[in-house]
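# Coordinates in review
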Amino acid sequence: MLKKLIIQGLIKLNEAKATVLCRECDVSLVQEAIKEAGPEYKKLIQETTGATPSCDLTLNPDGKSLPPPPDGSGAKSCAGGIKLLAHGDRLVLDNTLDSRVQIAYEQLMPQVRQQLFATRI
């Protein structure tokens, strides 16, 4: 799943250099995913457009990382996933599980409202 999140993020960012942020406990998993995602991204772009992209990914530079997993204390946490940053951290693509749940929540809100507050005729 991490590999696909990275590839999706690279496609959306369309940048040659990007920074990948993950939780400290996921570093080894994300390192493996980066090794697989880079070549797969290059292959996908080359097959689709004919261009040969460069892909330089840096993992958790300068000690930056996502918050740790939830521990029940109410402190800031992250359920997993990655963030991709580019152009000096000005472009941010949030592919964390938390952000995906938030997107689903917002998209389903009209249906929930319809179910809860439907008027009877």
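As a starting point, this report considers the structure included with it. The shown structure was predicted, so the numbers you read here are calculated from the model rather than taken from an experiment. Each chain carries its own residue numbering, running from 1 in the written order of its sequence. Residues qualify for local features only when their pLDDT is at least 70, as the model is predicted, and side-chain atom pairs are given and counted only at 80 or more; totals for whole chains, interfaces and linings, by contrast, use all residues. As a convention, hydrogens and water are excluded, and side-chain values are obtained from all of the structure's heavy atoms.

## Describing the overall build of the protein chain
In DSSP terms, a helix is any run of H or I states spanning at least four residues, a strand is any run of E spanning at least two, and both are numbered starting from the N terminus. Along the backbone of the protein chain there are three helices and four strands. The order of helices and strands in the protein chain, counted from the N terminus, is α-β-α-β-β-β-α. Taking 121 residues into account, the globule formula puts the C-alpha radius of gyration at 14 Å, and the protein chain, at 18 Å, lies well above it. Along the first, second and third principal axes, the C-alpha atoms of the protein chain reach 60 × 40 × 25 Å. The globule rule used for comparison is 2.2 Å times the number of residues to the exponent 0.38, while the radius of gyration itself is calculated over C-alpha atoms.

## Here's the deal with the nonpolar core
Throughout, nonpolar core names a set of buried Ala, Val, Leu, Ile, Met, Phe, Trp, Tyr and Cys residues whose side chains join them through atoms within 4.5 Å. Exposed residues in this analysis have more than 50% of their type's maximum accessible area, buried residues have under 20%, and partly exposed residues fall in between, with area computed by a 1.4 Å probe over protein chains only. Membership of the largest hydrophobic core comes to 23 residues, with the highest contact counts inside it found for Ile6, Val20, Val30, Leu57 and Ile82. Secondary structure elements with two or more residues in this core: helix H1 (2-13), strand S1 (17-21), helix H2 (27-49), strand S2 (56-59) and strand S3 (81-86). The element best represented in this core is H2, accounting for seven residues. Other than its neighbours up to four places away in sequence, valine 30 contacts Leu2, Ile6, Val20, Cys22, Leu59 and Ile82. In this analysis, two residues are considered to be in contact whenever any of their non-hydrogen atoms come within 4.5 Å of each other.

## Describing the side chain of asparagine 60
Within the secondary structure, asparagine 60 is located in the loop between S2 and S3. Residue classification places asparagine 60 among the buried residues on the basis of a relative accessible area of 12%. Here a polar contact means two N or O atoms within 3.5 Å. Within protein one must be a hydrogen donor candidate and the other an acceptor candidate, and residues neighboring in sequence count only if both atoms are side-chain atoms. Within the local environment of asparagine 60, its side chain forms a polar contact with the backbone nitrogen of cysteine 22, the two atoms lying 2.9 Å apart. Contacts of asparagine 60, omitting those with residues within four sequence positions, involve Val20, Leu21, Cys22, Arg23, Glu24, Val27 and Ser65.

## Side note on the sheet that holds S2
By the convention used here, strands pair only if DSSP detects at least 2 bridges between them. Pairing is mixed across the open sheet formed by four strands, whose spatial order is S2-S1-S3-S4. Only two strands of the sheet have a single neighbouring strand rather than two, namely S2 and strand S4 (91-96). Neighbour to neighbour, the strand axes of the sheet diverge by 20° on average, direction disregarded. As defined by bridge partners, S3 adjoins S4 across six bridges and the pair is classed as antiparallel. Within S4, the position partnered with isoleucine 82 by the bridge is asparagine 95. A fitted line through C-alpha atoms serves as each axis, taken over the contacting stretch for helices, and the angle formed by two N-to-C directions is quoted from 0 to 180°.

## A short note on the environment of serine 65
Within the secondary structure layout, serine 65 lies in the loop between S2 and S3. What makes serine 65 partly exposed here is its relative accessible area of 29%. Separated by 17 residues in the primary sequence, serine 65 and isoleucine 82 place their C-alpha atoms 9.4 Å from one another. When near neighbours in sequence (up to four residues on either side) are disregarded, serine 65 contacts Leu21, Cys22, Glu24 and Asn60.

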